[in-house]
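A look at the structure
For reference, the chains in residue letters:
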Amino acid sequence: MFNPATFFIRRSQFTVVLIGLGVLLGLSALQTIPRSEDPQFPVPSMSVRVALPGATPEEIEQLVAKPVEEAVYGLDDIKEVRSTSSDGVASIAVKFDWSSDPDRKYDEVVREVNSLREELPSGVTRLEVTRSRTSETSIFEVALVSEHLTMRRLEKLANRLSEDIGRINGIREARYWGAPQSELRVSLDFAKLATLRIPATAVSDALRRAGDETPVGAVNAGVRRFVVREGGAFNSVEEVEAVPVYSHDGAVVRVGDIADVAWHTVEPEHVTRFKGKRALLLTANAKEGVDIASVTAATKGRLAEFEKRLPAGVKLELAFFQEDNVQHRLSGLTRDFLLAFAIVSLTLLPLGLRAAGVVMVAIPLSLLLGLAALQALGYGLNQLSIAGFVLSLGLLVDDSIVVTENIARRLRGGEDRDTAAREGTREIFLAVAGCTACLMFAFFPLMTLPEGSGAFIRSLPVAVLVTISASFLVAVTIIPFVASRVLSPKENPEGNRLLQVVNRGIHSVYRPVLQRALDRPKTALAITLLLCATAVPLLAAIGTSLFPMAETPQFLIRIETPEGSAQRKTDEAVRFVEQRLAQEPGIAWYAANVGRGNPQLYYNQRQHDPNPTFGEVAVSLPEWHVGQSDKLVARLREEFSHYPGARISVILFAQGPSLEAPIEIRITGNDLTTLQHLSRTAETALSETPGVRDPNNPLRIDRVDLTLEIDEAKAAALGVPAGAARRAVRLALTGEETARFRDADGDDYPVRTRLPMDNRNEMAALEAIYAPGTDGAAVPLTAISSPELQPSLTRIDRFNRQRMVTLTSHVEPGYLTSDVTRRALANVSDVLTLPPGYSISLGGDAEEQSSGASGLISALGVAIGGILAVLVLEFGRFKLVAVVAGIVPLGIFGAVAGLWLGGYSLSFTATIGVIALIGIEIKNSILLVDFTEQLRETGLDMRTAIERAGEIRFLPVLLTSVTAIGGLTPLAMEGSGLYAPMAVAIIGGLVASTLLSRIATPVMYLLLAHDRKEQA
């Protein structure tokens, strides 16, 4: 049989060089591997945003949303298409299967959307396709604060800073937020225009002709060529005022005679403040695969340089840096790693100091090789991959422990060091290879888990697999070489004192218990099975969940006013939140956003689209302290729940895929009135469900619109052409961009013609609008229209080309989302009588959990199948495979009991822990059964072989289990909702399987292998 130990022991110089090369590769990877807070992975989803100002939700649905849906729905690998049609805007979310190529699908969506440009209404002002990326998270957020500087100058400063930051290597995009667009406004005097019988459109047309930037051409003179310049962008206010509009009898009417030309800002779509003061926010996101630490260091240097150049009255406030969260998470996990290293070191003491030292060689070498392999596979260091390394720490020494203990046992038997190292490795090689293969089969299927949950967790099993692979290679090559040089050639046959104590315990306690169980094997096995059966009611008691809270110091306070509310009302609610936060001493900073969401601070919380009824305040604590910070959030929620006229929610970031809310109940159907009635009934049932917090129904309240009700017959009688009144109203209220203004710095601004306004359009402005007649006369809008207030829908949602309404809700602390969702769905189903063609379905956590569960079941099946294949290959008999695999129920019982005692539910990561546990615990069973078979081949009878194998293999099994438990203990004690349940499940399973399998496995072997013929 091939024995790699022989080669590496005899080629000692080559072995030393190989060790040095591995260390150098690992250290190089440690210095250069990218670091980030959370995993970065491609997301196969895109968003299409189309703006058609002035259009109603019904018009947006018919003219924009449906054509875009039809265009993209025909693409391959489509999973779902959602759209929201609201006032003047359509947002279409396109999701593809996770097996598709995101880059290719993005190109296909862009192609299909661009092909629609000619079919969409001419009034479309924005058509953009954006990709969803986990790397879109801002790596920092700062604020330029000034109460006095003009917004145009403050915007220039923000623009210069964003350009500086954008030139840093590794930055994808830097942007500033909260600056209302500056424009050179031509404010028309409609009364004067009416007197002069000049239509307002004539001013727009004159400015458009004068500001035309179409190249004129070129002329030649001899050997010279000259570009002819005329017109183009305006360079001064005076140029705009001097543009002629109308002439009669030698008199010229210019723009300045009938309009006021001055600098203004448009009605702000997005207002930002920092700690209650007027400010512009600046953010940037990094390219994929870059090291956040180095990019952040360069960014802070640029910010410090820029701050020195700021004018008086402007302050640069530093707020959020993702690097702080990265360092906090990684330092915590590094601390856990060092603690686990120390615990593992202590558990090896029964082997003796020299033997423990030999085993410890495997830890840094395996980790460094695993780190190099992780980088080579394209993964970086994040909280999941480091948790994988910490998990590996208790597993990677297993092979080395078994090999070293076997070598030390042979030395105690009188063999020389070289012979003991070679023969000890050869004797255990197949068992160790089988153990490692089983362990890898437990983790390998986790790499193929589907959907966003699988992509999020993938770096953890990859880290474990590469480290365990490296540890196996080290155990069968490097460890025998080191043992042949380090272990004492004259080992005490009884071992050190600690080992003697352990062995006495084995002989005095374990041996009689095992003998009694072997005397009554069926009774012992029945008691064990009954104990395992208690896992079923325990599993029902702990419940299931998806992903936990992220426990970052940042969170969001979301403000929503009724649809149709003016942005001023939303601003009042946001200011109320700011005033409350200013009174809280434990808050580090807060940034307010009115009319739009805060720039993205977490990988699965995208920025909310512009909406005058929406506001958001990003809040940060110095640190998140479990318990204390939760109380602060609960106190804020309680106080904000009493605010009249707005719904104020406190949103904590959660791990896992992006979800609008944990609970989503969809009602689909065609008739909007029916959907609205059903949604209101369902909302009542949802809000009455225990555990529900902040329920939301987008169709709860109708919006009120103002319809002009133009009398077309009367307008025609007064000489107003069809459509002229509409264009006049649009020009007055929205304005028309007629040209561009280019200042000395090279910055472009629109020249907009419209009615005078002060920050926003007031209803009284309608009285100052005139519609042009065919004879040049101006007809007051009030003469041909009768404005009326009419209710209308706030928005229209569609799911896979069918209308729907989605009720959402968050969950109160202390409740399981799965339980609340189940009760909420039952309550809603009880009160709703669905007409034909209508249906109810679940989204949110339930949908993700359903898809994730199918993936986990497949992974579990593959893991079990792969492990059984290895066992059949190694033992060749199904009965022996059943003996080895019989340990699995013991571990599952321990895992469920551990979660119950720890107060955890069976979350996504806890389930992963259970799957991994199968491979870990089977390793111990393989060692026992394999050695029992070896002893029987020497001629021992079954009972004697079982007892001797149980006693001899008790120590390595105990040490491998204790080291794994010790390595996982810091993760379990950390209390993180993400990886603590995984650690607790594995620890509980190992404790139960280590103790119970020492009885159950020998008993099963006695019952199932009794017909084996003795071999000489």
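Note on numbering: residues in each chain are counted from 1, in written sequence order. At least 70 in pLDDT is required for a residue's local features to be given in this predicted model, at least 80 for side-chain atom pairs to be given and counted, and no such filter applies to totals for whole chains, interfaces and linings, which use all residues. The side-chain figures draw on all heavy atoms in the structure; neither hydrogens nor water molecules are used.

In the nomenclature of an unreviewed UniProt entry, the protein corresponds to Efflux RND transporter permease subunit from the organism Aurantiacibacter flavus.

1. Describing the overall build of the protein
What counts as a helix is a DSSP run of H or I of at least four residues, what counts as a strand is a run of E of at least two, and both are numbered from the N terminus. Helix and strand content of the protein: 34 helices and 30 strands. Considered along the principal axes of its C-alpha atoms, the protein spans approximately 125 × 80 × 55 Å. Residue burial is assigned from relative accessible area. The probe radius is 1.4 Å, only protein chains are included, and a residue is buried under 20% of its type maximum, exposed over 50%, and partly exposed in between. In the protein, buried positions account for 55% of the 1016 residues. Residue burial considers only the protein chains on display, and all accessible areas are found by Shrake-Rupley using a 1.4 Å probe. A total accessible area of about 42,700 Å² is found for the protein, and carbon and sulfur atoms account for 55% of it. Charge assignment: positive for Lys and Arg, negative for Asp and Glu; neither His nor the chain ends contribute. Where a charge lies is defined by one atom per residue type, namely NZ (Lys), CZ (Arg), CG (Asp) and CD (Glu). Distance between charge centres in the protein, computed from 100 positive and 114 negative side chains, equals 7 Å.

2. Here's the deal with the sheet that holds strand E12 (residues 259-265)
DSSP calls a pair of strands paired once it identifies at least 2 bridges connecting them. Spatial strand order, E12-E7-E24-E23: four strands in an open sheet with mixed pairing. In the strand order of this sheet, the two ends are held by E12 and strand E23 (736-742), each with one partner. Ignoring which end each strand starts from, the neighbouring axes of this sheet average 30° apart. Pairing geometry for strand E7 (residues 182-188) and E12, over seven bridges, is antiparallel. Opposite Leu188, over in E12, you have Ala259 as the bridge partner. Axis lines are fitted through C-alpha atoms, for helices just across the contact stretch, and the angle between N-to-C directions can take any value from 0 to 180 degrees.

3. Here we look at the pairing of E7
Of all the seven residues making up E7, seven are buried; the element is thus mostly covered by neighbouring parts of the structure. Burial of the side chains of E7 extends over both faces: Ser182, Leu184, Val186 and Leu188 are buried on one face and Glu183, Arg185 and Ser187 on the other. Where E7 lies against strand E24 (residues 748-754), four bridges are found, and the strand directions are parallel. Within the sheet, the bridge partner assigned to Val186 lies in E24 and is Thr753.

4. A word on the pairing of strand E9 (residues 224-228)
Among the five residues of E9, zero are classified as buried, and the element is accordingly described as predominantly exposed. Taken together, the five bridges between strand E8 (residues 217-221) and E9 define a ladder with antiparallel strand orientation. Bridge pairing in E9 links Ala218 to Val227. What sits between the antiparallel neighbours E8 and E9 is a turn of two residues, in which Gly222 has the positive phi angle 65°.

5. Considerations on the pattern of salt bridges
Salt bridges, as used here, are contacts in which a Lys or Arg side-chain nitrogen is within 4 Å of a carboxyl oxygen on Asp or Glu. Inspection of the entire model under this criterion finds 49 salt bridges. Between Asp609 and Arg49 there is a salt bridge; the shortest N-O distance is 3.6 Å. Taken together, the residues Asp609 in the loop between strand E17 (589-594) and strand E18 (614-620) and Arg49 in strand E1 (residues 42-51) connect sequence positions 560 residues apart. The class for Arg49 is buried, based on a relative accessible area of 10%. Here Glu183 and Arg752 are joined by a salt bridge, their closest N and O atoms 2.8 Å apart. One end of the pair, Glu183, is in strand E7; the other, Arg752, is in strand E24, and 569 residues separate them in sequence. Take Glu183 and Arg752: they sit in the same class, and that class is buried. Three or more residues are tied together by salt bridges with common partners; here these are Arg152, Lys156, Arg160, Asp743, Asp745 and Asp747.

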